[in-house]
Amino acid sequence: MADVLAEGYNVFDTQKSPEGTIKYLSSPADVISLIQSGKLAEHILLVRGGTTTFLAPALSMGAIGVITMSGAPESHLGILSREFQTPCVMTAHLTNSDSRYVVGNTDETHFEEIARELDGKRVRLDCTDNDTGRVVAA
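As named in an unreviewed UniProt entry, the protein is PEP-utilizing enzyme, taken from Actinomycetospora termitidis.

Below is the structure:
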């Protein structure tokens, strides 16, 4: 069985299991650059939170999967992921770390650790469980 690198909230149940290289997008410029590169479909998109509205153009242009480091399935990004049927794991935490996102009580090192550990890794999203989404090493 492949290694589960991270887990979080599953936004919706789907048999889709996208595979790609994680790309951390920290700004609107990062999203535009990725779209313009023509390589959007090669990447699972990692963003900081569920209110990351600048990711919407990538979803509308065929993003294959999304991982957030904070936020809930009821958030803006969760709603858009369901509408576009894009598998999404929200508030992901690393399975090899004790660090967890806590609303109003999470420092930058939590987000930095996740971005550092996941960015550039080849993964598959498993969103078949009702509650838990998994980021699995490909």
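Undergrad: How would you summarise the pairing of strand 1 (residues 4-10) if you had to cite specific residues and measurements?
TA: Alignment of strand 1 against strand 7 (residues 132-137), held across 5 bridges, turns out to be antiparallel. Directly across from glutamate 7, in strand 7, lies its bridge partner arginine 134. Where strand 1 lies against strand 5 (residues 88-94), 4 bridges are found, and the strand directions are antiparallel. Across the sheet, the residue bridging to glutamate 7 is histidine 93, located in strand 5.

Undergrad: Break down the sheet that holds strand 4 (residues 66-68) for me, with residues and values.
TA: Ordered in space as 1-5-4-3-2-6-7, the 7 strands form a closed barrel in which the pairing is mixed. Adjacent strand axes in the sheet meet at a mean angle of 40°, parallel and antiparallel pairs treated alike. Note: strand 3 (residues 43-47) against strand 4, 3 bridges, orientation parallel. What sits directly across from leucine 45, in strand 4, is valine 66. Where helix 4 (residues 108-118) meets the sheet, its contacts fall on strand 1, strand 2 (19-24), strand 3 and strand 5, and the angle it forms with strand 5 comes to roughly 100°.

Undergrad: Report on the pairing of strand 2, specifying residues and quantitative values.
TA: Relative to strand 6 (residues 122-126), strand 2 runs antiparallel, the two being bridged by 3 bridges. Of the residues in strand 6, the one forming a bridge with glycine 20 is valine 123. For strand 2 and strand 3, the ladder comprises 4 bridges, and the chain directions are parallel. Following the sheet pairing, tyrosine 24 is matched in strand 3 by leucine 46. Crossover connection from strand 2 via helix 1 (residues 28-37) to parallel strand 3: handedness right-handed.

Undergrad: Before we move on, can you summarise the UniProt feature "domain: PEP-utilising enzyme mobile" (unreviewed entry) in the protein with the specific residues and values?
TA: Using the residue numbers shown here, the UniProt feature "domain: PEP-utilising enzyme mobile" (unreviewed entry) corresponds to residues 44-128. Counted over residues 44-128, helix gives 29% and strand 22%. Its end C-alpha atoms are 17 Å apart.

Undergrad: Can you break down the packing of aromatic side chains residue by residue, with the values?
TA: Going through the model one piece at a time under the given rule, you end up with 1 aromatic pair. Considering the side-chain rings of tyrosine 101 and phenylalanine 111, the 6.0 Å spacing of their centres and the 55° angle between planes classify their relative orientation as tilted. Of the two residues, tyrosine 101 is situated in the loop between strand 5 and helix 4 and phenylalanine 111 in helix 4; the sequence distance between them amounts to 10 residues. Judged by relative accessible area, tyrosine 101 falls into the partly exposed class, the value being 28%. It is arginine 48 that lies over the ring of phenylalanine 111; its NZ or CZ is 3.7 Å from the centre.

So, how was this worked out
- Residues numbered from 1 in each chain as written.
- Predicted model: local features only at pLDDT ≥ 70, side-chain atom pairs only at ≥ 80, totals over all residues.
- Heavy atoms only, no water.
- Pairing = 2+ DSSP bridges.
- Helix = DSSP H or I, 4+ residues; strand = E, 2+ residues; numbered from the N terminus.
- Axes fitted to C-alpha atoms, helices over the stretch in contact; angles between N-to-C directions.
- Contact = heavy atoms within 4.5 Å.
- Right-handed = clockwise from strand over helix to strand, strands pointing away.
- UniProt positions renumbered as here; feature names shortened; annotations may be inferred.
- Phe/Tyr/Trp six-rings, centres within 6.5 Å; stacked < 30°, edge-to-face > 60°.
- Buried < 20%, exposed > 50% of the residue type's maximum accessible area, 1.4 Å probe, protein only.
- Lys NZ or Arg CZ within 6 Å of the ring centre and 35° of its normal.

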